[in-house]
Structure formats: C-alpha cells, structure tokens
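# Topology and contacts: notes
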Amino acid sequence: GIVLVVVAGVFALRSEETSDSATQGRVSIGSKDFTESSLLAEILAQMLEARDVSVERRYELGGNLPHEALVNGTLDLYPEYTGTSYTAILHHAPIGDPKAVYEQVKQEYASQFKVEVSAPLGFETTFAILVRGEDARKLNLKTITDARPHTPQWSAGFGQDFMSRADGYPGFSKAYGLKFAAVREMDLSLTYIALSSHQVDLIAGNSTEGRIATLDLFQLADDKHYFPPYEAVYLVRQDSLTRVPALREALAKLANAISTDEMRRLNYEI
C-alpha cells in the first residue's frame with residue numbers, strides 16, 4: 001500500500017511538470033492477477049494511448065488491492081465483475097438478476113467510493129463448474145445437480161479465490177449438498193491441467209477460459225442459479241473522468257463490444 005501511494009505522489013509531481021498541450025492527461029490503469037483482467041486493462045490502455053493519453057500500467061494486483069488502490073486514488077480505473085463487487089466488496093448475499101446487481105453496484109460505488117461503473121462490456125465471466133467431456137458424456141451429466149451422486153468418489157481442485165470467498169466453495173458446496181472424497185487448493189491455471197490429466201475430477205474455472213474447448217472440458221449448468229451474475233465492467237474514479245475527457249469516449253466504445261466467444265479466444269491466444 002505504501003509503495004503504491006509513494007508512486008502516486010511521484011506521478012502527481014511529474015504531471016505538474018508536463019505541459020498539458022503535450023499530453024491529454026495521465027491515467028493509471030490496474031488489473032487483477034489473471035490473464036483476462038490484464039487483457040481488459042491493456043485493451044483500454046492502448047485505446048487511451050491512441051488518444052494521446054499517457055498510461056501507467058499497474059497490472060497483476062492480488063486480492064482486493066485494485067479496489068483499495070482505486071479508492072485511495074493510486075489507480076484511476078481497473079476491470080472488474082459486477083458479482084464480485086456485489087459480494088466481495090459490498091458484502092451482499094448473492095442474487096441472480098444481472099440488472100439488479102448492476103444497478104445496485106452502480107449506485108453504491110457512486111455514493112460510497114465516488115467511482116463510476118462503465119456499461120457492461122458484453123460478456124460474463126462466471127465460475128464455471130467443469131468436468132471432463134468424456135465423463136459428462138459417459139455419465140450423462142448436464143447440471144451440477146446431476147454430478148452430486150458422483151462427488152463422494154471424486155476429488156475436486158479449486159483456486160485460492162474460490163476456496164476463500166463466501167460466494168465460492170463454502171456456499172457452493174452447501175447449496176448443492178456436495179461431499180468430495182478430497183478437495184485440493186491449487187493455482188487456478190493448474191486446475192485445468194489437473195482435470196484433463198485425471199488428477200482431479202471437478203474444478204471451478206472461469207467461463208471465458210480458452211482451454212475449456214481445447215482440453216475437451218464440459219461446463220455443468222448452475223441449475224440452482226447459485227452464482228451471481230459476473231458481468232465485466234470497468235470501475236473508474238469520477239474525478240478521473242472529469243480530468244481526462246478521452247476516458248469516457250473510450251469506455252463508451254467498449255460498451256457491449258466483446259462477446260463470450262471472443263473473450264475465450266483472446267484468453268486462449270495469450
């Protein structure tokens with residue numbers, strides 16, 4: 001935290017020395033510590049640079065660091081998911097209505113943090129409960145409920161985020177009444193390989209992960225609608241939007257501009 005604040009101070013000093021005619025302002029963009037978040041940050045960074053905005057990249061920030069940096073002014077913006085804001089930051093119990101979640105997040109972020117929520121980008125990145133395609137076909141699995149009778153013989157592999165969040169493993173396993181032979185916590189990107197190589201039998205991945213198709217993994221339907229909607233958005237400080245007019249224009253161009261299939265393809269390319 002201290003390092004971030006010091007860096008922000010240095011940039012504030014630097015920006016006063018730069019004539020405004022040379023640049024359309026400075027923007028500090030953050031991301032969380034996974035590929036898709038960095039990708040979404042970079043898409044906007046390049047759009048801003050094309051509009052003569054000077055961009056500082058602060059990617060791969062873990063946990064709630066991006067949120068804290070946004071609120072204290074070290075970051076101007078970062079990509080986020082509405083369901084994460086709703087449950088992990090605002091501490092609401094999960095609900096299934098995407099519009100209600102979006103409106104509530106928009107209203108509370110404005111009043112509590114002076115942060116604006118962009119229009120949704122056009123896709124959701126929700127927790128995807130995945131099994132091997134061969135198992136789904138052999139056992140005729142379509143939904144998470146279909147898998148429940150098999151879980152006492154299965155081992156599961158989950159990332160740290162899923163294991164620790166209230167809307168992750170603790171609530172999920174209870175809602176579906178799942179009991180596993182073993183539950184292993186591992187790096188999220190390794191869970192896909194562990195599943196395809198039969199080290200585990202069920203994982204919670206990301207719905208926009210490119211390897212779902214290439215590794216022949218199958219996403220089980222969340223038939224109890226347990227997970228809240230996780231629409232991708234950008235969170236931007238209100239004072240940053242006023243200071244750098246090009247920001248609002250770039251964000252408007254990204255409204256509903258990226259489909260789930262396209263996001264999967266981009267993630268896979270990386």
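Notes on the structure follow. (Residues numbered from 1 in each chain as written. Predicted model: local features only at pLDDT ≥ 70, side-chain atom pairs only at ≥ 80, totals over all residues. Heavy atoms only, no water.)

## Focus: the overall build of the protein
Regarding its fold elements, the protein presents 14 helices and ten strands. Compactness check: the protein gives a C-alpha radius of gyration of 20 Å against a globular reference of 18 Å for 270 residues, within 12% of the reference. If you line up the protein on its principal axes, its C-alpha atoms span 65 × 35 × 35 Å. When the 270 residues of the protein are sorted by exposure, 49% land in the buried category. A separation threshold of at least 6 residues defines the contact pool for the protein, and within that pool the share at least 24 residues apart is 75%. Here the protein has roughly 12,600 Å² of accessible surface; of this, 53% comes from carbon and sulfur atoms. Taken as two groups, the 26 positive and 36 negative side-chain charges of the protein have centres that lie 3 Å from each other. (Helix = DSSP H or I, 4+ residues; strand = E, 2+ residues; numbered from the N terminus. Rg over C-alpha atoms; globule rule 2.2 N^0.38 Å. Buried < 20%, exposed > 50% of the residue type's maximum accessible area, 1.4 Å probe, protein only. Contact = heavy atoms within 4.5 Å. Areas by Shrake-Rupley, 256 points an atom, 1.4 Å probe, with all protein chains shown as cover. Lys, Arg positive; Asp, Glu negative; His and termini not counted. Charge placed at Lys NZ, Arg CZ, Asp CG, Glu CD.)

## Here we look at the pairing of strand β10 (residues 232-237)
Burial of β10 is extensive: six of the six residues sit out of reach of the surface. Here β10 shows two buried faces, one formed by A232, Y234 and V236 and the other by V233, L235 and R237. Pairing between strand β4 (residues 115-117) and β10: three bridges, direction antiparallel. Residue V115 lies in a different strand from β10, and its bridge partner there is R237. (Pairing = 2+ DSSP bridges.)

## With respect to the packing of helix α4 (residues 82-89) against helix α5 (residues 98-113)
Packed helices, taken two at a time, are described by the angle their axes make and the gap between the axes. Where α4 meets α5, the closest approach of the two axes is 9 Å, and the angle between their N-to-C directions is 60 degrees. In terms of axis orientation, α4 runs oblique to α5. As for the relative orientation of α4 and α5, their crossing is left-handed in sense. Between α4, through T82, G83, S85, Y86 and I89, and α5, the contact on the second element is made entirely by V101, Y102, Q104, V105, Y109 and F113. Class assignment for the residues of the contact of α4 with α5 results in seven nonpolar, four polar and no charged. (Axes fitted to C-alpha atoms, helices over the stretch in contact; angles between N-to-C directions. Parallel < 35°, antiparallel > 145°, perpendicular 65-115°, else oblique. Left-handed = near helix turned anticlockwise from the far one by under 90°. Nonpolar A, V, L, I, M, F, W, Y, C, P; charged D, E, K, R; others polar.)

## Concerning the side chain of E209
If you trace the backbone, E209 turns up in the loop between β8 (202-206) and α11 (211-214). Ignoring any residue separated from it by four or fewer positions in sequence, one finds E209 in contact with Y192 and R264.

## Some points on the sheet that holds strand β6 (residues 155-158)
The strands that make up a sheet are held in pairs by hydrogen bonds between backbone atoms, and each pair lies either parallel or antiparallel. The five strands lie next to each other as β7-β6-β8-β5-β9, forming an open sheet whose pairing is mixed. The sheet is open, and its two edges are formed by β7 (182-185) and β9 (217-220), each paired on a single side. The mean inter-strand angle of the sheet, taken between neighbouring strand axes irrespective of direction, is 35 degrees. Bridge analysis of β6 against β7 gives four bridges, and the strand direction is parallel. Looking across to β7, one finds that S155 is bridged to A182.

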